[in-house]
Amino acid sequence: MQPDPLSSESALLQIVGASVNYNKVSAVRNLNMKIPHGGIVTIIGANGAGKTTTLRAISGLSKLSGGEIRFDGGRIDNLNPEQVVARGIAHVPEGRRVFPDMTVEENLRTGAFLRRDQEAIESDLSAVFGRFPRLEERRSQLAKTMSGGEQQMLAIGRALMAKPRLLLLDEPSMGLAPVIVEEMGRIVVEISREGVPVVLVEQNAELALGLADYAYVLETGNLVLEGPAKELHENDHVRRAYLGL
Amino acid sequence: MLELLAQTALNATYAASYIALVAVGLVLIFGVMGVVNFAHGELYMLGAYAVVALYADAGFPFFLAAAVGLIFVGIVGIGMERTLFRPLRDNPLGGLVASIGFLLILQSLASVWFGVRMEHIPPSTQQILRFSDSVSLPVQRLYVIVGAVILLTALWLFLKRSRFGWALRASAQDPEAAALQGISINQTARIAMFIGAGLAGVAGALTAPLVRTFPYMGHSVIVTAFIVIIVGGVGSLEGAVLAAVIYAFVHTFVTTFFDGVIADIVGLSLMLLVLIVKPTGMFGTADRA
Ligand SMILES: Nc1ncnc2c1ncn2[C@@H]1O[C@H](COP(=O)(O)OP(=O)(O)OP(=O)(O)O)[C@@H](O)[C@H]1O
Ligand SMILES: [Mg+2]
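Residues numbered from 1 in each chain as written. Chains lettered and ligands numbered in written order. Predicted model: local features only at pLDDT ≥ 70, side-chain atom pairs only at ≥ 80, totals over all residues. Heavy atoms only, no water.

## Some thoughts on the overall build of chain A
Thinking step 1. Counting its secondary structure elements, chain A contains 10 helices and 10 strands.
Thinking step 2. For chain A, the C-alpha radius of gyration of 18 Å lies close to 18 Å, the compact-globule estimate for 245 residues.
Thinking step 3. Within chain A, the proportion of its 245 residues that are buried is 54%.
Thinking step 4. Residue pairs at least 24 apart in sequence account for 66% of intrachain contacts in chain A once pairs closer than 6 positions are excluded. (Helix = DSSP H or I, 4+ residues; strand = E, 2+ residues; numbered from the N terminus. Rg over C-alpha atoms; globule rule 2.2 N^0.38 Å. Buried < 20%, exposed > 50% of the residue type's maximum accessible area, 1.4 Å probe, protein only. Contact = heavy atoms within 4.5 Å.)

Here's what the structure looks like:
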């Protein structure tokens with residue numbers, strides 16, 4: 001029997017030859033990626049490169065037109081978003097997408113919708129409040145009345161409440177002041193050090209390559225480069241196209 | 001004069017109660033599924049026929065018949081979700097058209113089963129609360145008021161306190177983000193449809209002894225409900241309740257002191273006024289829910 005090239009034990013998440021179309025228009029083509037059991041992997045690329053589409057495909061919001069996605073050995077590309085969440089993948093979508101007319105605390109608890117371990121939920125809530133003290137101060141405030149940075153913290157906190165085994169972050173730095181971006185970076189590193197692998201999608205390549213261990217570069221739906229983040233940071237093409245150097 | 005005002009206020013409270021039950025269901029369905037359910041008035045009609053059939057014809061107790069009306073119409077709602085709205089989820093206009101088709105089917109079925117004559121059924125109670133010589137409230141109307149208060153309070157608690165209530169609100173505010181929390185839109189749509197249809201059904205059931213039941217009775221109810229939710233703000237449950245109260249008071253007072261046609265005109269003008277001053281309604285935001 002042939003060894004199955006897809007059942008490689010080394011990766012937590014594996015994308016194999018994946019393509020996504022929106023109404024016949026191709027958004028990403030023949031994508032191959034491996035996300036290991038720990039650390040931060042970043043996907044960088046310009047507007048419309050297909051970064052968001054890639055995350056949406058992982059979490060089941062967009063269907064593949066070809067290829068497959070495996071998580072922890074099992075295929076997930078045919079699952080609904082709620083089934084993907086149940087497998088342990090939490091997705092902080094582009095634009096935060098907090099529930100505007102729910103309070104901070106309701107937003108966070110909604111992140112734990114599929115969990116029944118009441119005591120662990122309470123302690124995770126305290127942990128999120130410990131990580132983001134602003135959220136605790138504002139726990140009964142409606143999410144729509146929060147600042148952009150606070151909403152981003154809330155979106156990340158909500159994802160952590162699912163107790164994920166893999167965290168997908170789509171442009172967490174978008175629209176935030178430099179100090180807040182820095183804080184966000186620290187938090188992402190902290191989360192991954194605590195044992196949750198992170199896929200970080202960013203347009204801010206400087207930030208992303210500084211935080212990540214490994215990087216993929218997408219251009220108009222194609223994977224054009226990959227490698228350890230430090231190496232890509234020195235890569236001529238990356239420096240010219242993404243770092244403005 | 002004071003007595004006439006008090007009596008009119010009681011009448012308005014009764015009207016506000018069943019209008020709120022119908023309108024809140026309509027808003028809930030729109031909020032979670034993004035569909036304008038034109039068949040909502042016919043769900044009200046089905047609830048009324050449940051009481052005609054079970055209480056007036058078969059002799060079961062009134063409240064049992066009303067409870068069956070709620071549950072039966074709620075189940076019809078689940079069926080509508082599964083067969084009409086789910087396949088058309090990405091097509092709100094299709095959902096609207098399908099609900100119009102379903103409305104015609106329900107009207108035809110009701111005509112075939114029950115005939116087109118108006119059913120006048122005996123009240124389940126003759127008792128009248130007398131506050132003075134000319135201020136009184138028939139207990140049959142009190143049932144509608146108390147029923148609406150209990151059910152709307154229960155709905156509010158469900159939405160604010162329960163896990164599935166939160167899921168419903170989350171789905172209404174951002175279906176995709178809700179899916180990313182593990183909330184199944186099929187499940188929240190089913191719950192919203194059961195509650196929304198069930199509230200319309202129970203409104204019809206509780207008012208059946210007070211109105212004439214006939215296959216086309218849903219028309220006037222849904223027109224009123226539409227005005228109410230536009231005044232209240234299309235996505236707001238609280239807005240729907242408050243607008244139901246405002247509309248019922250304005251309409252009942254104008255009917256009493258002028259006449260019903262003028263009241264309809266004033267009601268529509270109220271809607272136009274709100275649309276001009278605040279197009280999203282008193283409590284509405286631009287989003288659904
Ligand atoms: N819902 C959609 N319908 C049609 N086309 C879409 C849709 N979403 C994305 N696309 C197209 O797919 C391509 C990839 O978009 P995607 O959102 O994945 O890019 P991105 O890398 O996340 O860009 P950005 O940095 O601007 O967020 C683009 O050409 C975009 O126009
Ligand atoms: Mg994007």
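## As for the sheet that holds strand E1 (residues 11–22) of chain A
Residues and elements named next belong to chain A.
Thinking step 1. Strands sit in the order E2-E1-E4-E5 across an open sheet of four strands; the sheet is antiparallel. Unpaired on one side and paired on the other, strand E2 (25–36) and strand E5 (74–75) mark the two borders of the sheet.
Thinking step 2. Contacting E1, E2 and strand E4 (66–71), helix H1 (residues 51–58) crosses the sheet at an angle of about 115° to E1. (Pairing = 2+ DSSP bridges. Axes fitted to C-alpha atoms, helices over the stretch in contact; angles between N-to-C directions.)

## What to know about the site of ligand 1
Residue and element names in this part refer to chain A.
Thinking step 1. The full set close to ligand 1 counts 13 residues, and Asn-47, Lys-51, Thr-52, Thr-53 and Glu-94 are the nearest of them.
Thinking step 2. Between ligand 1 and Gly-50, the relevant distance is 2.9 Å, taken from an oxygen atom to a main-chain nitrogen or oxygen of the residue.
Thinking step 3. Interatomic distance of 2.6 Å between a side-chain N/O atom of Thr-52 and an oxygen atom of ligand 1.
Thinking step 4. Take the shell around ligand 1: its biggest share by element is three residues, from H1.
Thinking step 5. Grouping the constituent residues of the shell around ligand 1 by class yields four nonpolar, six polar and three charged. (Near = heavy atom within 4 Å. Polar contact = N/O pair within 3.5 Å; in protein donor to acceptor, adjacent residues only side chain to side chain. Nonpolar A, V, L, I, M, F, W, Y, C, P; charged D, E, K, R; others polar.)

## With respect to the pairing of strand E8 (residues 198–202) of chain A
Looking down a regular strand, the side chains alternate between one sheet face and the other.
All names here are of chain A.
Thinking step 1. Most of E8 is tucked away, with five of its five residues classed as buried.
Thinking step 2. Strand direction decides the pairing type here: strand E3 (residues 40–45) and E8, joined by five bridges, are parallel. Within E8, the residue paired with Val-41 across the bridge is Val-199.
Thinking step 3. Relative to E8, strand E7 (residues 166–170) is paired through four bridges, and the arrangement is parallel. Looking across to E8, one finds that Asp-170 is bridged to Val-201.

## Quick word on the environment of Leu-4 of chain B
Residues and elements named next belong to chain B.
Thinking step 1. With respect to the helices and strands, the residue Leu-4 is situated in helix H1 (residues 2–33).
Thinking step 2. Here the alpha-carbon distance between Leu-4 and Pro-279, two residues 275 residues apart in the chain, equals 35 Å.
Thinking step 3. Excluding residues that lie within four positions of it along the chain, Leu-4 makes contacts with Thr-256 and Phe-257.

## Structural notes on the coordination of the magnesium ion (ligand 2)
Residues and elements named next belong to chain A.
Thinking step 1. Note on the magnesium ion (ligand 2): its protein donors are Thr-52 (OG1) and Glu-94 (OE). The metal-donor distances range over 1.9 to 2.1 Å. Of this pair, Thr-52 sits in helix H1 while Glu-94 is found in the loop between strand E6 (89–92) and helix H3 (104–111), placing the two residues 42 residues apart along the sequence.
Thinking step 2. You can call Glu-94 partly exposed: its relative accessible area is 33%. (Donors = N, O, S within 2.8 Å, 3.2 Å for Na, K, Ca; no water.)

## Here we look at the interface of chain A and chain B
Thinking step 1. On the chain B side, the residues contacting the 22 residues of chain A number 20 residues.
Thinking step 2. By the criterion of area lost to chain B, the three top residues of chain A are Arg-97, Phe-99 and Phe-113 of chain A, representing 30% of everything that side buries.
Thinking step 3. Seen at the junction of chain A and chain B, the total is four salt bridges.
Thinking step 4. Run the count over chain A and chain B and you get six residue pairs in polar contact (both at pLDDT 80 or more).
Thinking step 5. Broken down by secondary-structure element, the contributors of at least two residues to the side of chain A that touches chain B are helix H2 (81–87) and H3 of chain A. (Buried area = accessible area lost by both parts, 1.4 Å probe. Salt bridge = Lys/Arg side-chain N within 4 Å of Asp/Glu carboxyl O.)

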